[in-house]
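Listed below are the residues making up each chain.
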Amino acid sequence: VNAAAQRAAVEALEGSQDEAEKMRKEYKKRRDMLVEGLNQCKGLSCVKPKGAFYVFVNIKKLGMTSMEAAAMLIEKEQVVTTPGSAFGEAGEGYLRISFASRMEDIVEAVSRIQRCFGKK
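The structure presented is a predicted model; accordingly, all values stated were derived computationally and were not measured.

Caption draft 1: Layout of the overall build of the protein. When you go through the protein residue by residue, the secondary structure sums to four helices and three strands. Ordered by position from N to C terminus, the α and β elements of the protein give α-α-β-α-β-β-α. In terms of C-alpha radius of gyration, the protein reaches 17 Å, well past the compact-globule figure of 14 Å for 120 residues. Expressed as lengths along the three principal axes of its C-alpha atoms, the size of the protein is roughly 55 × 30 × 25 Å. In the protein, which comprises 120 residues, the share counted as buried stands at 31%. Expressed as a percentage of contacts within the protein between residues at least 6 apart in sequence, the contacts between residues at least 24 apart total 60%. Of the accessible surface of the protein, which amounts to about 7,800 Å², a share of 54% is contributed by carbon and sulfur atoms. Taken as two groups, the 20 positive and 16 negative side-chain charges of the protein have centres that lie 5 Å from each other.

Put into structure tokens, the structure is as follows:
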């Protein structure tokens, strides 16, 4: 590794972690907001991930494939998700939704998803 990259690595490891902690707290807020909103939707269930910037939402109770659910969200509500089937056979029945977005965008996405599938 070149010298500049080595110096950057040392700074990342030994320097202030204030900004990293600030972002960790922000991502936690975004995650919690998204998970809470998704769990209020009919047919959806979602657990809080412990180390990712996305959720894997169980959609099995909707009675549709992950591709059908993702297509419905795009067509009806302009919300982009990734069908679980994109991650292999075991991913079918799930949607992947990122929370690496602005809080305002997550709030809007949750509102649109709730409108699409209905609230409990």
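Caption draft 2: Fine view of the pattern of salt bridges. By the definition in use, this model includes eight salt bridges. Among the ionic pairs, Lys-48 bridges to Asp-32, the shortest N-O distance being 3.6 Å. Within this pair, whereas Lys-48 is found in the loop between helix H2 (18-38) and strand E1 (54-58), its partner Asp-32 is found in helix H2, the two being separated by 16 residues in sequence. For Lys-48, a relative accessible area of 47% puts it in the partly exposed group.

Caption draft 3: Region of interest: helix H4 (residues 103-117). An ideal rise of 1.5 Å per residue puts 21 Å on 15 residues; H4 measures up with 21 Å between its terminal C-alpha atoms. Within H4, burial applies to Ile-106, Val-110, Ile-113, Gln-114, Cys-116 and Phe-117. Considered in projection along H4, the buried side chains sweep an arc of 160 degrees and stay on one side of the axis. Facing away from the buried surface of H4 by more than 90 degrees, the exposed residues are Glu-104 and Arg-115. The elements touched by buried residues of H4 are H2, helix H3 (66-77) and strand E3 (94-98). At the C-terminal side of H4, Gly-118 shows a positive phi close to 90 degrees.

What counts, and at which threshold
- Residues numbered from 1 in each chain as written.
- Predicted model: local features only at pLDDT ≥ 70, side-chain atom pairs only at ≥ 80, totals over all residues.
- Heavy atoms only, no water.
- Helix = DSSP H or I, 4+ residues; strand = E, 2+ residues; numbered from the N terminus.
- Rg over C-alpha atoms; globule rule 2.2 N^0.38 Å.
- Buried < 20%, exposed > 50% of the residue type's maximum accessible area, 1.4 Å probe, protein only.
- Contact = heavy atoms within 4.5 Å.
- Areas by Shrake-Rupley, 256 points an atom, 1.4 Å probe, with all protein chains shown as cover.
- Lys, Arg positive; Asp, Glu negative; His and termini not counted.
- Charge placed at Lys NZ, Arg CZ, Asp CG, Glu CD.
- Salt bridge = Lys/Arg side-chain N within 4 Å of Asp/Glu carboxyl O.
- Expected span 1.5 Å × (residues − 1).
- Arc of directions from axis to C-beta.

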